Amino acid sequence: VQGTEWRTFWPDICPDELAQAIQAAVSGGQGRFQGNCRTAKGQMRTCDVICTRIGAGLGGQQRILCISRDITELRS
């Protein structure tokens, strides 16, 4: 998945919702959303995604950590 734009993993999520989650993290808060995505094997899964800022990296670039938790069985 390296080199793939992150938002392409969430085709059914409104781009504004993704932007809000990232903006919340950039602002020092926590962004969150739930959505469907495909696994590397092509299976559809529902995930709960939390985005947080983890600080500046090399060159002062800000880093955002997004953790996707599979909640498919909880949504059935």
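See the structure shown above.
Everything numeric in this text was worked out from a predicted model, so none of it was measured. (Residues numbered from 1 in each chain as written. Predicted model: local features only at pLDDT ≥ 70, side-chain atom pairs only at ≥ 80, totals over all residues. Heavy atoms only, no water.)

*Asks:* Break down the overall build of the chain for me, citing the residues and quoting the values.
*Replies:* Within the chain, the secondary structure is distributed over two helices and three strands. Each helix and strand of the chain, placed in order from N terminus to C terminus, yields the pattern α-β-β-β-α. Evaluated residue by residue, the chain yields a buried proportion of 21% over its 76 residues. The long-range share in the chain, meaning contacts at least 24 apart out of those at least 6 apart in sequence, stands at 33%. Put simply, the chain shows about 5600 Å² of open surface, and 49% of that area lies on carbon and sulfur atoms. (Helix = DSSP H or I, 4+ residues; strand = E, 2+ residues; numbered from the N terminus. Buried < 20%, exposed > 50% of the residue type's maximum accessible area, 1.4 Å probe, protein only. Contact = heavy atoms within 4.5 Å. Areas by Shrake-Rupley, 256 points an atom, 1.4 Å probe, with all protein chains shown as cover.)

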